[in-house]
Amino acid sequence: MTAPAAFLAAIGAQADALAAGPCFRHDFGIGSAGIRVTIAARDAGQVIEALPETATDAPDWQLAAWDGNEPGRLPPPRPWGDTAHEPLGIVTAFSDETQRCAYDLHTQSLIVADLAGRRACTWYPQIATLPAWAKASPFRIPLSWALADRGLQMVHGAAVSWGGGAALLCGDGGSGKSTTALAAALAGFGYVGDDYCAVDSAALRVHMVYRTAKVLPSTLRLLPALGRWIVNPDRMAEEKGVIFLKPGQLDLVASAPLRCLILPSVADDGVAGLIRATPAEAIHALLPSTVGGLMGGTAGTPSHILRLARRLPVYRLRLAPDLARVVALLRDAIGEGP
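In this report, we go over the structure that sits alongside the text. On a predicted model such as this, the values are computed, not experimentally measured, just so you know. (Residues numbered from 1 in each chain as written. Predicted model: local features only at pLDDT ≥ 70, side-chain atom pairs only at ≥ 80, totals over all residues. Heavy atoms only, no water.)

## With respect to the sheet that holds strand E2 (residues 33-40)
Strand pairs in the sheet, formed through backbone hydrogen bonds, run parallel or antiparallel to each other.
Then, in step 1: On the basis of which strands lie adjacent, the open sheet formed by six strands has the order E1-E2-E3-E6-E5-E4 and mixed pairing. Edge positions in the sheet fall to strand E1 (24-30) and strand E4 (99-104), since each of these pairs with one other strand and no more. Put simply, the sheet's adjacent strands are angled 15° from each other on average, direction ignored.
Then, in step 2: Where strand E3 (residues 61-67) and strand E6 (residues 119-124) come together, six bridges link them in parallel fashion. Note that in E6 the partner of Ala65 across the bridge is Thr122.
Then, in step 3: Contacts from helix H1 (residues 3-19) reach E1, E2, E3, E4, strand E5 (109-114) and E6 within the one sheet, and its direction differs from that of E5 by about 105°. (Pairing = 2+ DSSP bridges. Helix = DSSP H or I, 4+ residues; strand = E, 2+ residues; numbered from the N terminus. Axes fitted to C-alpha atoms, helices over the stretch in contact; angles between N-to-C directions. Contact = heavy atoms within 4.5 Å.)

## Brief notes about the environment of Thr278
Then, in step 1: Examined against the element boundaries, Thr278 turns out to sit in the loop between strand E16 (273-276) and helix H7 (279-293).
Then, in step 2: Separated by 38 residues in sequence, Thr278 and Arg316 have C-alpha atoms that sit 9.2 Å apart.

## Points about the side chain of Arg73
Then, in step 1: As for its position among the elements, Arg73 is in the loop between E3 and E4.
Then, in step 2: A residue is classified by how much of its surface remains accessible, and Arg73, at 18% relative accessible area, is buried.
Then, in step 3: Contacts of Arg73, omitting those with residues within four sequence positions, involve Gln14, Leu18, Ala40, Ala41, Trp66, Asp67, Gly68 and Trp123. (Buried < 20%, exposed > 50% of the residue type's maximum accessible area, 1.4 Å probe, protein only.)

## Section: the packing of aromatic side chains
Then, in step 1: For the structure on display, the rule yields four aromatic pairs.
Then, in step 2: Ring geometry for Phe7 versus Trp80: centroids 5.3 Å apart, planes at 80°, classification edge-to-face. Taken together, the residues Phe7 in helix H1 and Trp80 in the loop between E3 and E4 connect sequence positions 73 residues apart.
Then, in step 3: Chaining the aromatic ring pairs together yields one cluster made of Phe7, Trp80 and Phe94.
Then, in step 4: Of note, Arg78 hangs over the ring of Tyr103, and the distance from its end group to the ring centre comes to 4.4 Å.
Then, in step 5: In this structure, Arg100 is placed above the aromatic ring of Trp145, and the distance from its NZ or CZ to the ring centre is 5.1 Å. (Phe/Tyr/Trp six-rings, centres within 6.5 Å; stacked < 30°, edge-to-face > 60°. Lys NZ or Arg CZ within 6 Å of the ring centre and 35° of its normal.)

## Examining the nonpolar core
Then, in step 1: Counting 38 residues, the largest nonpolar core has Ile35, Val37, Ile39, Phe139 and Leu143 as the members making the most contacts within it.
Then, in step 2: When residues of this core are traced back to their parent elements, those giving at least two are E1, E2, helix H2 (45-50), E3, E5, E6, helix H4 (140-149) and strand E10 (196-200).
Then, in step 3: Ignoring anything within four residues of it in the chain, the contact list for Ile39 reads Cys23, Phe24, Ala44, Val47, Ile48, Ala65, Ile127 and Phe139.
Then, in step 4: Listed in part, the 35 residues of the second largest apolar core include Leu182, Val215, Leu245 and Leu323. (Core = buried A, V, L, I, M, F, W, Y, C linked by side-chain atoms within 4.5 Å.)

## Let's talk about the side chain of His26
Then, in step 1: Mapping His26 onto the fold places it in strand E1.
Then, in step 2: Exposure remark for His26: the relative accessible area of 14% places this residue in the buried category.
Then, in step 3: Engagement of the side chain of His26 in a polar contact is seen with the backbone oxygen of Pro52, the distance being 2.7 Å. (Polar contact = N/O pair within 3.5 Å; in protein donor to acceptor, adjacent residues only side chain to side chain.)

## Thoughts on the pattern of salt bridges
Pairs can form between side chains of opposite charge once their charged atoms are near each other.
Then, in step 1: Evaluated as defined, the whole model comprises 13 salt bridges.
Then, in step 2: Note that Arg211 is salt-bridged to Glu53, the shortest N-O span being 3.7 Å. Of this pair, Arg211 sits in the loop between strand E11 (205-208) and strand E12 (212-215) while Glu53 sits in the loop between H2 and E3, placing them 158 residues apart in sequence.
Then, in step 3: In this structure, Arg318 and Asp269 form a salt bridge, with 2.5 Å as the shortest nitrogen-oxygen distance. Pair noted here: Arg318 is in strand E17 (residues 314-319) and Asp269 is in the loop between strand E15 (255-266) and E16, with a separation of 49 residues, a long-range link.
Then, in step 4: Since its relative accessible area comes to 26%, Arg318 is described here as partly exposed.
Then, in step 5: Connected through salt bridges with shared partners, the residues Arg42, Asp67, Glu70 and Arg73 form a single ionic network. (Salt bridge = Lys/Arg side-chain N within 4 Å of Asp/Glu carboxyl O.)

## Here we look at the environment of Ala185
Then, in step 1: Assignment of secondary structure puts Ala185 in helix H5 (residues 177-186).
Then, in step 2: Looking at Ala185, the relative accessible area reads 6%, which means it is buried.
Then, in step 3: Beyond its immediate sequence surroundings of up to four residues, Ala185 is in contact with Tyr191 and Leu250.

## Things to note about the packing of H5 against helix H9 (residues 323-335)
Then, in step 1: The contact between H5 and H9 brings their axes to 10 Å, and the two run at 90°. Between H5 and H9, the angle is such that the two are roughly perpendicular. From H5, Thr180, Ala183 and Ala184 reach across to H9, where they touch Leu323, Val326, Val327 and Leu330.
Then, in step 2: Classifying every residue of the contact of H5 with H9 gives six nonpolar, one polar and no charged. (Parallel < 35°, antiparallel > 145°, perpendicular 65-115°, else oblique. Nonpolar A, V, L, I, M, F, W, Y, C, P; charged D, E, K, R; others polar.)

So, in structure tokens, the structure goes:
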């Protein structure tokens, strides 16, 4: 047995042993992907709250996780050097078309996936002490691999729906995606997601990945009604405010047909506006941040994003303090889509 295969087997055996004890379990669907999460930890309820509630009859991907630094819970020693995961997090020498190993510096978590067996395992030092932003988007990397296996692409973007169609909001952090999505949701739009969503570039659909939102202080100043839902208000000087959304707060939408790509940015003159943009601008807004946030993505990531940019109308949405006008322009863009 090769060293990568042996390490994968050892991690899997440890996950199986811990799953025989007390666990949190949750089955859910994202588009055509059915996923079962099993978490062996004392406190993982908030992590489960971040995941969709969409029912699935037959989970075909297994995501196992556990935490702890005591004997029996520490994973086997990593058979690679301390910097082998740099620069993106993937351990290249232990990753190929059948398996993948990675280390996430931000959460100090180890991620190992048996791609052929449709199973991924993640170890955390302590799930309960993860920052709120990490609990709000759990298993981002192995989820992206599971979705890719089903022909879906996780993307760095927000999405809202209106009148039977949806817009995908694309751009770097701070461009206004969250503010626009949440303003629209508070105005009656369906809320598909913030920060990360899944897209089907063939069927032109967008799917919810997390039932959460991440809020900057500038967003809260414009939308103060959100303040009562933030779980980490005392941490907003250091990190984004996090909301775990529940039915009744916003209209949570699991999936919707994509009608357009929206590139939000703050208007220098303070006047809201909507202008056509090019596929190249959409690719620039969506591809680098997606690749950067997903440890390089997968081999199919660029083609998914190019297909979206070529098949959907692209608009630049100029953001201004008049959020009612911004929301009206977003509604117009969705209505004009294919």
